[in-house]
Amino acid sequence: MNTTTIVTELGLDPVVERHVEFAAELRTGLARVEERLQEVLRSPGHPELTEAATHLVRAGGKRLRPLMALAAAAFGDGRGDAISAAALVELVHVATLYHDDVMDEAPMRHGVTSANSLWGNKKAVLIGDYVLACAARVGAGLGDYALRSQAKTFGRLVRGQFLETTWPFEDCGRHAPYEHHIQVMADKSASLIAMAGRLGAQVSGADERTIETLGQYGELIGVAFQISDDVLDISASTTDLGKSAGTDLREGVVTLPMLHALDDEGPGAARLREIIGHGPVSDPVVRQEALGLLRESAGVVRALAEAHGYAAKARDLALGLPDRPARALLAGLSAFVVDRGE
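Keep in mind that what you see is a predicted model, and the values were worked out from it rather than measured.

Undergrad: Explain the overall build of the protein chain here, please?
TA: Counting secondary structure elements, the protein chain contains 19 helices and 2 strands. Counting across all 342 residues of the protein chain, residues that qualify as buried make up 56%. Of the contacts formed within the protein chain by residues at least 6 apart in sequence, a portion of 74% connects residues at least 24 apart.

Undergrad: Help me understand helix 16 (residues 267–276), please; the structure alone is not making it clear to me.
TA: Residues that lie three or four places apart on an α-helix share one face, since the helix turns once every 3.6 residues. Those residues of helix 16 that sit buried are Ala269, Leu272, Ile275 and Ile276. Across the axial projection of helix 16, the buried residues extend over an arc of 120°, all falling on one side. On its buried side, helix 16 packs onto helix 14 (247–251), helix 15 (256–262) and helix 17 (284–296).

Undergrad: For this particular structure, what's the right way to read the layout of surface pockets?
TA: To locate leftover empty space, one rolls a probe as large as a water molecule over the atoms. Looking at the second largest pocket, its volume works out to about 370 Å³. Taken together, 17 residues form the lining of the second largest pocket, with Glu25, Leu70, Ala73, Gly78 and Ala82 sitting closest to its centre. Looking at the lining of the second largest pocket, the elements that each hand over two or more residues are helix 3 (20–41), helix 6 (64–73) and helix 7 (82–104). With 6 residues, the single largest contributor to the lining of the second largest pocket is helix 3. Tallied by class, residues from the lining of the second largest pocket come to 7 nonpolar, 6 polar and 4 charged.

Undergrad: How do you make sense of the nonpolar core when you look at a structure like this?
TA: Generally speaking, a soluble globular protein has its nonpolar side chains buried in company with each other. Leu88, Val131, Leu330 and Val337 are the most contacted members of the largest nonpolar core, which has 99 residues in total. No other element matches the 14 residues that helix 7 contributes to this core. If we skip the residues at most four places from it in the chain, Val131 touches Leu41, Ala53, Leu91, Val94, Ala95 and Tyr98.

Undergrad: Help me out: how do you make sense of empty space enclosed by the protein in this one?
TA: Under the defined criterion, the tally for this structure stands at 2 cavities of 30 Å³ or more. Taken together, Leu249, Gly252, Val253, Val254, Met258, Ile276, Gly279 and Val281 make up the lining of the second largest cavity. Classifying every residue of the lining of the second largest cavity by side-chain character gives 6 nonpolar, 2 polar and no charged.

Conventions adopted
- Residues numbered from 1 in each chain as written.
- Predicted model: local features only at pLDDT ≥ 70, side-chain atom pairs only at ≥ 80, totals over all residues.
- Heavy atoms only, no water.
- Helix = DSSP H or I, 4+ residues; strand = E, 2+ residues; numbered from the N terminus.
- Buried < 20%, exposed > 50% of the residue type's maximum accessible area, 1.4 Å probe, protein only.
- Contact = heavy atoms within 4.5 Å.
- Arc of directions from axis to C-beta.
- 1 Å grid on protein atoms, 1.4 Å probe; cavity = no way out; pocket = protein on both sides within 12 Å on 5 of 7 lines; lining within 4 Å.
- Points joined across faces, edges and corners; volume = space filled by probe spheres on them.
- Nonpolar A, V, L, I, M, F, W, Y, C, P; charged D, E, K, R; others polar.
- Core = buried A, V, L, I, M, F, W, Y, C linked by side-chain atoms within 4.5 Å.

Okay, here's the thing in structure tokens:
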């Protein structure tokens, strides 16, 4: 992926182009992150491992987390290693994708054949582990704060993945299904974006209040982003997604738009409860029926309304940050994460 197109893909050109110098720095920084990712994942003397470890990096992606880290670093004095901080959060993210695709038995990721389809599940898990090891090496170079952040965030990522495998209508402890899913999104998605904000600001020497605000912003944006992803899994085509549509249904993952749709009245909601209530929807014909019912329900509209709520709170936090070009970027990003689902 050409890194100069990342900001365009994110829909943030109008924001950054008002600040020409910052836009140039951001694009240069993102290009350097790409180089750093390739450098860190290279395994000298082992071309197959290098090929496999860089497979998803080369496939592209929006690089939301590195963008967040670089934007956060703009609130400090600029003397820290923001490139390594941005690379670190992307490495952790990429490692989880290898593992996710094994769990989901996904055939595609970012529009290319998934690693598990190319090399098998065993090697795909090991590739993900190798990427995590590379991330730890980068974190060690950034100091104790980075290592502690990485450890805490990875714990939350695993917890979120574990909670997602728990059927929310049967055993979610003290939490109702809605609260259960919000916790899953916070841990599985928002935690790493929050880490990107905190770590980017910390390595650049930002003050504690700014570091914490950027962490809170990342949590809110992360939940909004995941709700949007859940909506896209229902409403978008496989071509647009770059992976199979209806993956959540196939894996038996009950998402926010589904929960809202199940609360509807009428025959459509009753049929959905019948389909989803049995767990994973493995039959492709039944899965397409469920997707049709979800698209016709009010679940998508209600979920997007909640995403807008989280994004609005994030925007308010962004506008309370010091007046720098990165502030406008973060405010614009809060709109992007929900607009992409509409």
